[in-house]
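Fold and geometry: a report
Here's the letter readout for the chains.
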Amino acid sequence: MESKYNYFKRDISWLSFNYRVLLEALDERLPLYERINFISIYSSNLEEFYKIRVADHKAVASGATESDEETVQSARELVEEINREVNRQLDDRVRIYEQKILPALRKSHIIFYQDSHVEPFHQQFIKDFFKEEIFPYLQPVPVSKDRIVSFLRDNRLYLAIRVYLKNTEPHTPYYFVMKQPYAKVPRFIELPSHEKNHYLMFTEDIIKANLDLIFPGYDIDSSYCIKISRDADILIDDTASSADLVAQLKRKVKKRKIGDVCRFVYDRAMPQDFRDFLVDAFRIQRDELVPGDKHLNLEDLRHLPNPNKSLHSVEKPKPMKLTFLDEKESIFNYVAQKDLLLYYPYHSFEHFIHFLYEAVHNPETREIMVTQYRVAENSVVINTLIAAAQNGKKVTVFVELKARFDEENNLATAEMMQAAGIKIIYSIPGLKVHAKVALIRRRGMNGEKIPSYAYISTGNFNEKTATLYADCGLFTCRKEIVNDLYNLFRTLQGKEDPKFSTLLVARFNLIPELNRLIDREIALADQGKQGRIILKMNALQDPTMIDRLYEASEHGVQIDLIVRGICCLIPGRSYSRNIRVTRIVDSFLEHARIWYFGNDGNPKVFMGSPDWMRRNLYRRIEAITPILAPDLRDSLIEMLNIQLADNQKACWVDDQLQNIFKKRTPGTPSIRAQYTFYDWLNKQ
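A few points on the structure. Per chain, residues are indexed from 1 in the order of the written sequence. Reporting of local features is limited, given that this is a predicted model, to residues whose pLDDT is at least 70; pairs of side-chain atoms are given and counted only at 80 or more, and all residues count toward the totals for whole chains, interfaces and linings. With hydrogens and water excluded, all non-hydrogen atoms of the structure serve as input to the side-chain values.

Structural notes on the environment of lysine 495
Going along the chain from the N terminus, every DSSP run of H or I of four or more residues is numbered as a helix, and every run of E of two or more is numbered as a strand. Inspection of the secondary structure puts lysine 495 in the loop between helix 13 (479-492) and strand 18 (504-505). Exposure categories follow from relative accessible area, calculated using a 1.4 Å probe and restricted to protein chains: below 20% of the type maximum is buried, above 50% is exposed, and the middle band is partly exposed. Assessed through its relative accessible area of 47%, lysine 495 is described here as partly exposed. What lysine 495 contacts, discounting residues up to four positions off in sequence, is Lys423 and Arg490. For this analysis, residues touch if any pair of their heavy atoms sits within 4.5 Å.

Written out as structure tokens, the structure is:
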């Protein structure tokens, strides 16, 4: 039966989010290099989007794969719609970069050359630098339609060059491609300063300025940057055993860089006949063409040197170390008395490391159980678990091998832990385990029962992303949560079909409980009382749960959604008139999932790992905990209220997927949620 409701397309909604990231580069209140970094983030996001999402749609469009969700025709139409929107956004990126960022750099006495033209006082330096530092690493490769052409590597920059033999007739063009040597030479070169100005230059522009030295005997016609994006998704047999899954991943990860072409990006200034030649020679499909800027791979801008040291950098909130949790105090003793909720990166992730250290050295620790989804390289968390095993503790780690782009790191750390004596449980066939949980099981020295400890988080056990992502983690020794978490780990080991009394676990009791909570708010609204729902998450896509929100809105339930990324729910329609969608993009990546249900003045608040995506709700193991301590529940509600009041970095998402910035009403305070909440925490 066809739904009476409508939804945004998932990928078009995601493009709206990524465009919001780009808009941060326009905010002149931010330090200049922070604005530049947002262009880098936008570009990096877009690269991954093409390599995964667009590659999937193209596979369906070509008939290479089948999908239950789209036809060949609808996939083709979606790819065309995506490319149109991306082209529109890239026009804005060029405008922002050229008309806002470069003039701002010049105003700060940083001259960033954008082509091969340089001032006379730099010309000899450019020539000498090219000869000594770049030329030895260059290898132009001829391109011909009639020959086997060289393989273009994924996401590598190439210079496509057209030349003519000097003093010959007919005037026949010759084509070459040349990989940029960024493994040997930085992307950005600092030139000698002159008077009060500093100078930067792209390496490819230095190469362009010296092409005559590479091609003696030729007239240089023109040169343009190109790149290929390749399908980076890994299709594996989800029903395979753990051993087969490991072997599959090891084999297929190596092939990621030689996947099918999903995007051919070229300098939009390239003449059509030049582009047509390359398309034919490299056998590029016309729907794979995506016009780009003069300089591609602008994700590299995060490495742009800052030669003007007087330029102030962004003053981000520094992680707080709670005095009652310093290294001399026992987190175990504190949590035995009351639950503890930490907010990263406002609180230091070192408190979680301290928690693990205490488990390692506590003689009553019987077992440490942890899920691993994405961990940092050279992870302190992993090293601590290894220390626990070496200290005689039983350590069990569930490793999710199918964490995209982290497969190799997860395999390597799993093998290292296994060698240290840690019990490793690999991915469950047909499922991903996305829950971020840890359990410290304890027993008294004489066998008496003493508290065990549970930790449930919205973010990964990753000390690096814990300084960049806004997450929260709950420490508790409540028996009902500890027992549920132990049952969850037994389930991951295939030992039982569990019953959960308190935790909500995807694929078990999550959906029925969400429906019950929504039904409760609808019933309150029908009784003339206030029905109230606030949902904070990264993505909202599942049509079934969106329909429940539409239904609640029709009954008068007031709903606020704080959704950073994909939001397929359409606000502003008759059936969603009571729903508002807020998006926040700021210094930290909003990553927490927090759900509030008003419950007639006795609110129920939950936090955990899942977004409301089909994959999270139906095809993954996710863990959500209620916040039972009133003071911690109130602090989460305070954070939600501050985010809804944000009038600096928050915007509404309207029914056309536009990002409409919230305006501060005259006479009201300026609220920048991340910084306001940090100040609030600091006063607690």
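Moving on from the model shown.
Thoughts on the packing of helix 1 (residues 10-23) against helix 2 (residues 32-61)
Every axis corresponds to a line fitted to the C-alpha atoms, with the helix fit spanning only the stretch in contact, and the corresponding angles, defined between N-to-C directions, vary from 0 to 180 degrees. For the pair helix 1 and helix 2, the least separation of the axes is 9 Å and the interaxial angle reads 170°. Comparing their axes, helix 2 and helix 1 come out roughly antiparallel. Handedness of the helix 1/helix 2 crossing: left-handed. Across the interface between the two elements, Arg10, Asp11, Trp14, Leu15, Phe17, Asn18, Tyr19, Val21 and Leu22 from helix 1 touch Phe38, Ile39, Ile41, Tyr42, Asn45, Leu46, Phe49, Arg53 and His57 from helix 2. When residues are grouped by polarity, Ala, Val, Leu, Ile, Met, Phe, Trp, Tyr, Cys and Pro land in nonpolar, Asp, Glu, Lys and Arg in charged, and all others, Gly among them, in polar. Looking at the contact of helix 1 with helix 2 residue by residue, the class counts come to 12 nonpolar, three polar and three charged. The scheme is simple: roughly parallel for angles under 35 degrees, roughly antiparallel for over 145, roughly perpendicular for 65 to 115, oblique for anything else. Take the far helix as the reference: if the near one is turned anticlockwise from it by less than a right angle, the crossing is left-handed, and if turned clockwise, right-handed.

So, the sheet that holds strand 5 (residues 188-194)
When DSSP finds two or more bridges between a pair of strands, those strands are recorded as paired. Sheet architecture is open: three strands sit in the order 1-6-5, paired in mixed fashion. What marks the edges here is a single partner per strand, and that holds for strand 1 (110-113) and strand 5. Averaged over all neighbouring strand pairs, the angle between strand axes comes to 25°, with direction disregarded. Sheet analysis places strand 5 next to strand 6 (residues 197-202), joined by five bridges and oriented antiparallel. Residue pairing for strand 6: glutamate 190 is matched across the bridge by leucine 200. The sheet contacts of helix 4 (residues 120-134) involve strand 1, strand 5 and strand 6, and relative to strand 5 the element is tilted by about 145°.

A look at the side chain of arginine 35
With respect to the helices and strands, the residue arginine 35 is situated in helix 2. By the counting scheme adopted, Arg and Lys are positive, Glu and Asp are negative, and His together with the chain ends is not counted. Whenever a carboxyl oxygen of Asp or Glu lies within 4 Å of a side-chain nitrogen of Lys or Arg, that contact is scored as a salt bridge. With no salt bridge to any partner, buried arginine 35 finds its closest opposite charge in glutamate 28, at an N-O distance of 4.8 Å.

Overview of unusual backbone geometry
Between tyrosine 344 and the following residue, proline 345, the backbone shows a cis peptide bond with an omega angle of 5°. By the secondary structure assignment, proline 345 is in the loop between strand 10 (340-344) and helix 10 (350-361). Within the chain, glutamate 195 stands out as a residue other than glycine whose phi angle is a positive 55°. Secondary-structure assignment places glutamate 195 in the loop between strand 5 and strand 6. Unusually for a residue other than glycine, leucine 657 sits at a positive phi of about 65°. Along the chain, leucine 657 turns up in the loop between strand 27 (650-653) and strand 28 (659-661). Residue class for leucine 657 comes out buried when judged on its relative accessible area of 11%.

Topic: the packing of aromatic side chains
Pairing of aromatic rings covers Phe, Tyr and Trp, the last counted by its six-membered ring, and requires centre-to-centre distances within 6.5 Å; plane angles under 30 degrees mean stacked, over 60 mean edge-to-face, and any other angle means tilted. Applying the stated criterion across every chain yields a total of 43 aromatic pairs. Judged by centre distance (5.9 Å) and plane angle (40°), the rings of tyrosine 455 and phenylalanine 461 are tilted. Aromatic rings pair up to connect Phe332, Tyr344, Phe349, Phe352, Phe355, Tyr453, Tyr455, Phe461 and Phe475 into one cluster. The rule is short: NZ of Lys or CZ of Arg within 6 Å of the ring centre and within 35 degrees of the ring normal puts a charge over the ring. For arginine 263, the ring lying beneath its charged end belongs to tyrosine 50, and the centroid distance is 4.5 Å. Positioned above the aromatic ring of tyrosine 486 is the side chain of arginine 441, whose terminal nitrogen or guanidinium carbon lies 4.0 Å from the ring centre.

Remarks on the pattern of salt bridges
In the structure shown here, the tally under the stated rule is 38 salt bridges. Between arginine 88 and aspartate 92 there is a salt bridge whose closest N-O contact spans 3.5 Å. Of this pair, arginine 88 and aspartate 92 both sit in helix 3 (residues 72-107), four residues apart, which is roughly one turn of that helix. Note on aspartate 92: relative accessible area 15%, which makes it buried. Between lysine 338 and aspartate 631 there is a salt bridge; the shortest N-O distance is 3.4 Å. With a gap of 293 residues between them, lysine 338 in the loop between helix 9 (331-337) and strand 10 and aspartate 631 in helix 17 (residues 630-645) connect regions that are remote in the sequence. The exposure class assigned to lysine 338 is partly exposed, which follows from its relative accessible area of 37%. Look at aspartate 631 and you get partly exposed, because its relative accessible area is 40%. Among the charged side chains, a salt-bridge network with shared partners connects Arg20, Glu24, Asp27, Arg29 and Lys649.

Overview of the sheet that holds strand 19 (residues 532-537)
Spatially, 18-26-24-23-19-20-21-27-28 is the arrangement adopted by the nine strands of the open sheet, whose pairing is mixed. What marks the edges here is a single partner per strand, and that holds for strand 18 and strand 28. Relative to strand 28, strand 27 is paired through three bridges, and the arrangement is antiparallel. Across the sheet, the residue bridging to cysteine 651 is phenylalanine 661, located in strand 28. Running over the sheet, helix 15 (residues 543-554) touches strand 19, strand 20 (558-563) and strand 21 (579-584) and is turned about 145° from strand 20. This element, helix 17, spans strand 19, strand 20, strand 21, strand 23 (593-597) and strand 24 (604-608) of the sheet and lies at about 80° to strand 19.

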